[in-house]
Amino acid sequence: MRKVVVNTTPLIALSHVGQLDLLKRLYNEIIIPEAVYGELSVKTESVCKKEVDRSLDWIRVGKISNQMTKDMYKTQLHEGEVEVMILAKEVAADVVIIDDANAKKYAKYLKLPVTGTLGVLLRSKQMGYVDKLEPVLRQMVEKGIYISQSLIELCLKQAGALAGAD
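J.: Explain the overall build of the chain to me, please; I cannot follow it from the model alone.
T.: Within the chain, the regular secondary structure consists of 10 helices and five strands. Computed over the C-alpha atoms, the radius of gyration of the chain is 15 Å, within 12% of the 15 Å expected from 2.2 N^0.38 for a compact globule of 166 residues. Each principal axis of the C-alpha atoms in the chain carries an extent, and together these give about 50 × 35 × 30 Å. For the chain, contacts bridging at least 24 residues in sequence account for 64% of all contacts bridging at least 6. Total accessible area computed for the chain in this model is approximately 8,800 Å², and 50% of it derives from carbon and sulfur atoms. If the 23 positive side-chain charges of the chain are averaged to one point and the 21 negative ones to another, these points end up 4 Å apart.

The following block contains the structure:
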């Protein structure tokens, strides 16, 4: 089974458009660090927190063992992102799902295979789990998830679809 460590933003983005289950369909099981679960728990009534809690049969909350390393990264990244990197290294993750550009740079520097929410959607489209990307992307934007128009167009182009034809 592939080891997949996921940060907060992809969980929020996917759950807000009713697509959190794509992670289960693609990977069977994912791991989120305690800090990510803590970030989700700040708003106990959030859609994402409720969806994650309903999915704890396939979402595993992992604890990092190297707390000292955590302090080294805290100046540049959020606590959840730091724990994602550390946990991914500790479990030898096959992929890290993270959206923040700075965090992606750190993940690549640490030689972690990285993708983001849009990568998950593209893979889901490729696997036939999502019929049309454009409505999902539009719904994410409507729910307050920032995706630039140029990134939306690139995503649609990569999916083999033109804006309006998807």
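J.: I keep staring at helix α8 (residues 117-127) and nothing clicks. Help me out?
T.: Spacing of three or four residues puts side chains on the same side of an α-helix, whose turn is 3.6 residues. Looking only at α8, the buried set comprises T117, L118, V120, L121, L122 and S124. As for α8, its buried residues are in contact with α1 (8-16), α2 (21-27), β4 (95-97), β5 (114-115), α9 (133-142) and α10 (149-158). Residue G128 follows α8 closely and has a positive phi angle near 85 degrees.

J.: Explain the pairing of strand β2 (residues 30-33) to me, please; I cannot follow it from the model alone.
T.: In the case of a regular strand, side chains alternate between the two sheet surfaces. Taking every second residue as pointing to the same face, both faces of β2 are buried, with I30 and I32 on one and I31 and P33 on the other. As paired elements, β2 and strand β3 (residues 59-62) share four bridges and run parallel to each other. Paired with I31 across the strands is R60, a residue of β3.

J.: What is the right way to look at unusual backbone geometry in this model?
T.: One can expect most non-glycine residues to show negative phi and most peptide bonds to be in trans. One non-glycine residue, N28, lies in positive phi territory at about 70 degrees. Along the chain, N28 turns up in the loop between α2 and β2. The phi angle at A92 is positive, at roughly 55 degrees, despite the residue not being glycine. As for its position among the elements, A92 is in the loop between α6 (79-90) and β4.

J.: Is there a simple way to think about the pattern of salt bridges in this case?
T.: Opposite charge on two side chains allows them to pair when their charged atoms are near. Across all of its chains, the model carries three salt bridges by this definition. Residue K49 pairs with D53 through a salt bridge whose shortest N-O separation is 2.5 Å. Taken together, the positions of K49 and D53, both in helix α4 (residues 47-54) and four residues apart, correspond to about one turn of that helix. Looking at D53, the relative accessible area reads 32%, which means it is partly exposed.

J.: Is there a simple way to explain α9 in this structure?
T.: Restricting attention to buried positions, one finds in α9 the residues L133, E134, V136, L137 and M140. Relative to the axis of α9, the buried residues are bounded by an arc of 165 degrees and lie together on one face. Those residues of α9 hidden inside the fold are in contact with α1, α8 and α10.

J.: Quick question: what am I supposed to make of the side chain of S124 here?
T.: Locating S124 in the fold gives a position in helix α8. On the accessibility criterion, S124 (0% relative accessible area) is buried. Not counting the four nearest positions on each side in its chain, S124 is found in contact with L22, L26, Y129 and V130.

J.: Please clarify how the layout of surface pockets should be interpreted in this entry.
T.: Which parts of space are left empty comes out when a probe the size of a water molecule is rolled across the atoms. Its volume calculated, the largest pocket comes out at about 350 Å³. As for the largest pocket, its lining consists of 18 residues, and the residues nearest its centre are D99, K104, T117, L118 and L151. At the level of secondary structure, the elements contributing two or more residues to the lining of the largest pocket comprise α1, β5, α8 and α10. When its volume is computed, the second largest pocket comes out at roughly 160 Å³. Surrounding the second largest pocket, N7, T8, T9, I12, E39, H78, G80, E81, D99 and D100 form its lining. Elements supplying a minimum of two residues to the lining of the second largest pocket: α1 and α6. For the lining of the second largest pocket, the element with the most residues is α1, which contributes three residues.

Quick notes on the rules
Residues numbered from 1 in each chain as written. Predicted model: local features only at pLDDT ≥ 70, side-chain atom pairs only at ≥ 80, totals over all residues. Heavy atoms only, no water. Helix = DSSP H or I, 4+ residues; strand = E, 2+ residues; numbered from the N terminus. Rg over C-alpha atoms; globule rule 2.2 N^0.38 Å. Contact = heavy atoms within 4.5 Å. Areas by Shrake-Rupley, 256 points an atom, 1.4 Å probe, with all protein chains shown as cover. Lys, Arg positive; Asp, Glu negative; His and termini not counted. Charge placed at Lys NZ, Arg CZ, Asp CG, Glu CD. Buried < 20%, exposed > 50% of the residue type's maximum accessible area, 1.4 Å probe, protein only. Pairing = 2+ DSSP bridges. Salt bridge = Lys/Arg side-chain N within 4 Å of Asp/Glu carboxyl O. Arc of directions from axis to C-beta. 1 Å grid on protein atoms, 1.4 Å probe; cavity = no way out; pocket = protein on both sides within 12 Å on 5 of 7 lines; lining within 4 Å. Points joined across faces, edges and corners; volume = space filled by probe spheres on them.

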